[in-house]
Amino acid sequence: MELELPFDVDVNRDGHLSLGGCDALELAERWGTPLYVVDEQAVRQRCRRYRRALEALPGGGLAVYAAKAFWVGGMARIVAEEGLGADVSSETEVHLALAAGIPPERLVLHGNNKSPSEMELAVRVGVGRVVADSLWELERLGEAAARAGRPLGVLLRIQPGVRAGFHDAMQTGHESSKFGIPVEDGQARQAVVRVMGHPYLELRGYHVHIGSQILELEPYRQAARVVAGFAVQMARELGAPCAEIDMGGGLGARYVAGDRPPSIEALVETVGRVVADVFASAGLAAPALLVEPGRSIVAEAGTTLYRVGAIKRLASGQVVVAVDGGMSDNPRVALYGARYTAVLARDPRGRPEGRPVRIVGRLCESGDVLIEAAPLPSLASGDVLAVLTTGAYHLAMASNYNGLPRPAVVGVSEGRARLWVRRERWEEMTATDEVLARLAPTGPRTSGA
Ligand SMILES: Cc1ncc(COP(=O)(O)O)c(C=O)c1O
Ligand SMILES: N[C@@H](CCCC[NH3+])C(=O)O
């Protein structure tokens, strides 16, 4: 039986896994493990596909990368260079976007409980759109804009009443979600009235985000009909302008063989067509389409390299292979029951031998499993294992459980590797310099990283 992969992996002349033209074994040796590796060209290609597909729509559009998926300097620079905007949800995410050169008008600020200082920052730097998530927030946004005497572009996030996404915790468009303004009881309409009546708020359009790791187009069609229908209704009843419809993110990635998400092009064309048709039927020109892809840009571009340590055989015969990371760098298995594919870096297409092994982490937690049953060639302690599709929501949700430093991130491209984020040091995880000085007043400190 061949090892089934979700997508093809590159193998170099030595038969080793190649990431962005770099030998995975050499990367592990040079930078240590666990190591997040991000293939820069894979990210760029997906950014370009979104841009091209959106440019082909009658109303045009803008892809705003969802920073929450993975937001470090190296990534922000690529997003800026590829001409995308960014969906940001905190001051840190805003600062990094601006530092990387993303123009403020291409930023979309999210959050169901934005802080006063986030709202003020948005007004001050001229964030292009703030996505208002409640009537309460709209009030605060209006006050912040009025205080500064500056206009603020607003998208209203509505609840489209659509369920989609891999796990309950990833479904965000239904009526009991904490996100979005309810439509049925008239709150969304009221929000439109308030924005239109406010001297400093400018209604740019409407937003929906139905969920994450979505593997079919139908929920997108439904949500597009709802949001476009609402926009048209508001235009008719209130004369409300709608220059933009933002369909959020959510397109799935390939984690295991058999995952077949729709293509970027199919998603953009499908929702673009639905929105344009609804607007045309009301005699309105198509608005610009915004999308907020996170996972579909960066997930498959990322790989985590681990070093195999302890290998044990249970009484049942099950072989358990422990690696030097785990739920601290990948909490998604424990959180969502997510599934992954692992390959052996020295023989990534090698024929699996014996029973599939269970790959576990090194954390003090029984649920610290990375892959329940991984078919692999026989492996030994010291081998490097590569877990695929780890670019999205891994570093972003990593923790220091058991005192493990968050791994380093290396960007790879055309055979060159650059350190994007250095491995955390134990000192910066645990104390300020002042406290450390008091703990160890004499002698040099050593780094545990
Ligand atoms: C508002 C919003 N936009 C975009 C995204 C990005 O989603 P994904 O990474 O699934 O594309 C998310 C996260 O699910 C989100 O909450
Ligand atoms: N963080 C999640 C999905 C939620 C995305 C943000 N709304 C994941 O790892 O898949």
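Note that the coordinates shown come from a computational prediction; the quantities given were computed from them, not determined experimentally.

Asker: I would appreciate a short explanation of the sheet that holds strand 1 (residues 10-11) in the present structure.
Answerer: Sheets are built from strands that pair by backbone hydrogen bonding, the pairs being arranged parallel or antiparallel. Strand order in the open sheet formed by three strands is 1-2-3, and the pairing between neighbours is antiparallel. One side of each edge strand has no neighbouring strand; the edge strands of this open sheet are strand 1 and strand 3 (22-23). One ladder, built from two bridges, connects strand 2 (residues 17-19) with strand 3; its direction is antiparallel. Across the sheet, the residue bridging to Ser 18 is Asp 23, located in strand 3.

Asker: Honestly, the packing of aromatic side chains in this entry has me stumped. Any pointers?
Answerer: Scanning all chains against the criterion turns up four aromatic pairs. Pairing Tyr 65 with Trp 71 gives two aromatic rings, centres 5.7 Å apart and planes at 35°, and the pair type is tilted. Among the residues examined, Trp 71 registers a relative accessible area of 14% and is labelled buried. Ring centres of Tyr 255 and Tyr 340 lie 5.4 Å apart, and the angle between their planes is 90°; on these two criteria the pair is classed as edge-to-face. With Tyr 255 in the loop between strand 11 (244-246) and helix 9 (264-281) and Tyr 340 in the loop between helix 11 (332-336) and strand 15 (342-344), this pair connects stretches of sequence that are 85 residues apart.

Asker: Please explain the side chain of Asp 329 as it appears in this structure.
Answerer: With respect to the helices and strands, Asp 329 occurs in the loop between strand 14 (319-323) and helix 11. Of the polar contacts made by the side chain of Asp 329, one reaches the side chain of Tyr 306; its length is 2.5 Å. Apart from the residues lying within four places of it in its own chain, the contact partners of Asp 329 are Pro 34, Tyr 36, Thr 304, Tyr 306, His 394, Ala 398 and Pro 407.

Asker: What is the right way to read the pairing of strand 9 (residues 152-157) from this model?
Answerer: Taken residue by residue, a regular strand's side chains alternate between the two faces of the sheet. For strand 9, a buried count of six out of six residues is recorded, marking the element as mostly surrounded by other parts of the structure. Here strand 9 shows two buried faces, one formed by Leu 152, Val 154 and Leu 156 and the other by Gly 153, Leu 155 and Arg 157. Bridge count between strand 8 (residues 129-132) and strand 9: three bridges; the pairing is parallel. If you follow Val 131 over to strand 9, its bridge partner there is Leu 155. Of the strand pairs in this sheet, strand 9 and strand 10 (residues 201-207) are connected by six bridges, and their pairing is parallel. For Val 154, the partnering residue across the bridge sits in strand 10 and is Leu 203. The handedness of the strand 9 to strand 10 crossover, carried by helix 7 (residues 187-197), is right-handed.

Asker: Is there a simple way to explain the sheet that holds strand 11 in this structure?
Answerer: Read around the closed barrel, the eight strands follow the order 5-6-7-8-9-10-11-12; overall the barrel is parallel. Averaged over all pairs of adjacent strands, the angle between their axes in this sheet comes to 30°, without regard to strand direction. The pairing of strand 7 (residues 107-109) with strand 8 spans two bridges and is classified as parallel. Across the sheet, Val 108 pairs through a bridge with Arg 129, a residue of strand 8. Helix 2 (residues 40-55) rests against strand 5 (61-66) and strand 12 (288-291) of the sheet, and its axis sits at about 155° to strand 5.

Asker: What is the right way to read the site of ligand 1 from this model?
Answerer: Within the structure, ligand 1 sits among 14 residues, and Ser 212, Gly 250, Glu 292, Arg 295 and Tyr 393 are positioned closest to it. Residue Asp 87 places a side-chain N or O atom 3.1 Å away from a nitrogen atom belonging to ligand 1. Glu 292 places a polar side-chain atom, nitrogen or oxygen, 2.7 Å from a nitrogen atom of ligand 1. Isolated, ligand 1 exposes 390 Å² of accessible area, and the fraction of that covered by the protein chains is 91%. In a pocket analysis with a 2 Å cut-off to the grid points, ligand 1 is assigned to the largest pocket. Partitioned by chemical class, the residues of the shell around ligand 1 number three nonpolar, six polar and five charged.

Asker: Explain the site of ligand 2 here, please?
Answerer: Near ligand 2, the surroundings consist of Lys 68, Met 170, Arg 295, Arg 332, Tyr 336, Tyr 393 and Met 397. A distance of 2.6 Å separates an oxygen atom of ligand 2 from a polar side-chain atom of Arg 332. A distance of 3.0 Å is found between a nitrogen atom of ligand 2 and a side-chain nitrogen or oxygen belonging to Tyr 336. Summarising the interface, the protein chains cover 82% of the accessible area of ligand 2, which totals 310 Å² for the free molecule.

Asker: Teacher, can you tell me more about the packing of helix 8 (residues 218-238) against helix 9 here?
Answerer: Two quantities define a packed helix pair, namely the angle between the axes and the distance from one axis to the other. Direction vectors running N to C along helix 8 and helix 9 enclose 30°, while the axes themselves pass 9 Å from each other. As far as their axial angle goes, helix 9 and helix 8 are roughly parallel. When you trace helix 8 past helix 9, the crossing you get is right-handed. Across from Tyr 220, Arg 221, Ala 224, Arg 225, Ala 228, Gly 229, Ala 231 and Val 232 in helix 8, the residues of helix 9 making contact are Leu 267, Thr 270, Val 271, Val 274, Val 275, Val 278 and Phe 279. By residue class, the composition of the contact of helix 8 with helix 9 is 11 nonpolar, two polar and two charged.

Asker: Just to check I follow, could you spell out the UniProt feature "binding site: substrate" (unreviewed entry) in the protein chain for this structure?
Answerer: If you check UniProt for "binding site: substrate" (unreviewed entry), the listed places come out as Arg 295, Arg 332, Tyr 336, Glu 365 and Tyr 393 in our numbering. An extended arrangement is adopted by the annotated residues: their sequence extent is 99 residues, and the largest C-alpha distance between any two is 27.0 Å. Of the annotated set named above, Arg 295, Arg 332, Tyr 336 and Tyr 393 line the largest pocket. By relative accessible area, which is 40% here, Glu 365 ends up partly exposed. Locating Tyr 393 in the fold gives a position in the loop between strand 18 (384-388) and strand 19 (408-413). Judged by relative accessible area, Tyr 393 falls into the buried class, the value being 16%. Aside from chain neighbours lying at most four places away, what touches Tyr 393 is Lys 68, Ala 69, Arg 295 and Arg 332.

Asker: Just to check I follow, could you spell out the UniProt feature "domain: Orn/DAP/Arg decarboxylase 2 N-terminal" (unreviewed entry) in the protein chain for this structure?
Answerer: Sequence positions flagged by UniProt for "domain: Orn/DAP/Arg decarboxylase 2 N-terminal" (unreviewed entry) are, in local numbering, residues 43-299. Its end C-alpha atoms 9 Å apart, residues 43-299 is made of 42% helix and 14% strand.

Asker: Is there a simple way to think about empty space enclosed by the protein in this case?
Answerer: Over the atoms rolls a probe the size of a water molecule, and its path tells where empty space is left. The final tally for this structure, using the stated rule, is two cavities of 30 Å³ or more. By volume, the largest cavity is sized at about 60 Å³. As for the largest cavity, its lining consists of Leu 57, Pro 58, Gly 59, Gly 60, Gly 272, Val 275, Ala 276, Ala 286, Pro 287, Ala 288 and Leu 289. Of all the elements in the fold, those that place two or more residues in the lining of the largest cavity are helix 9 and strand 12. If one sorts the elements of the lining of the largest cavity by residue count, helix 9 sits on top with three residues. Of the residues belonging to the lining of the largest cavity, the class tally is eight nonpolar, three polar and no charged. Considering only enclosed or pocket space, the second largest cavity measures out at about 40 Å³ in volume. Taken together, Tyr 36, Val 37, Val 38, Phe 70, Gly 302, Thr 303, Thr 390, Gly 391, His 394 and Leu 395 form the lining of the second largest cavity. Residue assignment for the lining of the second largest cavity shows that the elements contributing at least two residues are strand 4 (35-39) and strand 13 (302-313). Here the lining of the second largest cavity takes three residues from strand 4, the largest share from any one element. The residue inventory of the lining of the second largest cavity, partitioned by class, reads five nonpolar, five polar and no charged.

Thresholds applied
- Position numbers for residues start from 1 in each chain and track the written sequence from start to end.
- In the order they appear in the text, chains get letters beginning with A and ligands get numbers beginning with 1.
- Residues qualify for local features only when their pLDDT is at least 70, as the model is predicted, and side-chain atom pairs are given and counted only at 80 or more; totals for whole chains, interfaces and linings, by contrast, use all residues.
- Side-chain descriptors were evaluated using all non-hydrogen atoms of the structure, hydrogens and water having been removed beforehand.
- Should DSSP find at least two bridges between two strands, the strands are taken to pair.
- Helix numbering and strand numbering both begin at the N terminus, where a helix is a DSSP run of H or I of at least 4 residues and a strand a DSSP run of E of at least 2.
- We call Phe, Tyr and Trp rings a pair once their centres come within 6.5 Å, taking the six-membered ring for Trp, and we label the pair stacked below 30 degrees between planes, edge-to-face above 60, and tilted otherwise.
- For every residue, the accessible area (1.4 Å probe, protein chains only) is compared with the maximum for its type, and the residue is labelled buried under 20%, exposed over 50%, or partly exposed between those bounds.
- The definition of a polar contact used here is a pair of N or O atoms within 3.5 Å, where within protein one atom must be able to donate a hydrogen and the other to accept one, and adjacent residues in sequence count solely through side-chain atom pairs.
- The contact criterion used throughout is that any non-hydrogen atoms of two residues lie within 4.5 Å.
- Handedness of a crossover is defined as follows: orient the strands so they point away from the viewer, and if the path from the first strand over the helix to the second runs clockwise, the crossover is right-handed.
- Axes here refer to lines fitted to C-alpha atoms; in helices the fit is confined to the stretch in contact. Angles between the N-to-C directions go from 0 to 180 degrees.
- The criterion for a residue being near a molecule or strand is simple. One of its heavy atoms has to lie within 4 Å of it.
- All accessible-area figures derive from a Shrake-Rupley calculation using a 1.4 Å probe, and residue coverage is judged against the displayed protein chains alone.
- The way it works is a 1 Å grid over only the protein atoms, where trapped points that fit a 1.4 Å probe form a cavity and open points with protein on both sides within 12 Å along at least five of seven lines form a pocket, and then any residue with an atom within 4 Å of a point lines it.
- Occupancy of a cavity or pocket is assigned to a molecule whenever over half of its atoms lie within 2 Å of that pocket's grid points.
- Under the scheme applied, nonpolar residues are Ala, Val, Leu, Ile, Met, Phe, Trp, Tyr, Cys and Pro; charged residues are Asp, Glu, Lys and Arg; polar residues are all the others, including Gly.
- What sets the label is the angle itself: under 35 degrees gives roughly parallel, over 145 gives roughly antiparallel, 65 to 115 gives roughly perpendicular, and the rest give oblique.
- In this scheme the handedness of a crossing depends on how the near helix is turned from the far one: anticlockwise by less than a right angle means left-handed, clockwise means right-handed.
- UniProt positions are given in the numbering used here, feature names are shortened, and annotations may be inferred rather than shown by experiment.
- Grid points are joined across faces, edges and corners, and a volume is the space filled by probe spheres set on the points.

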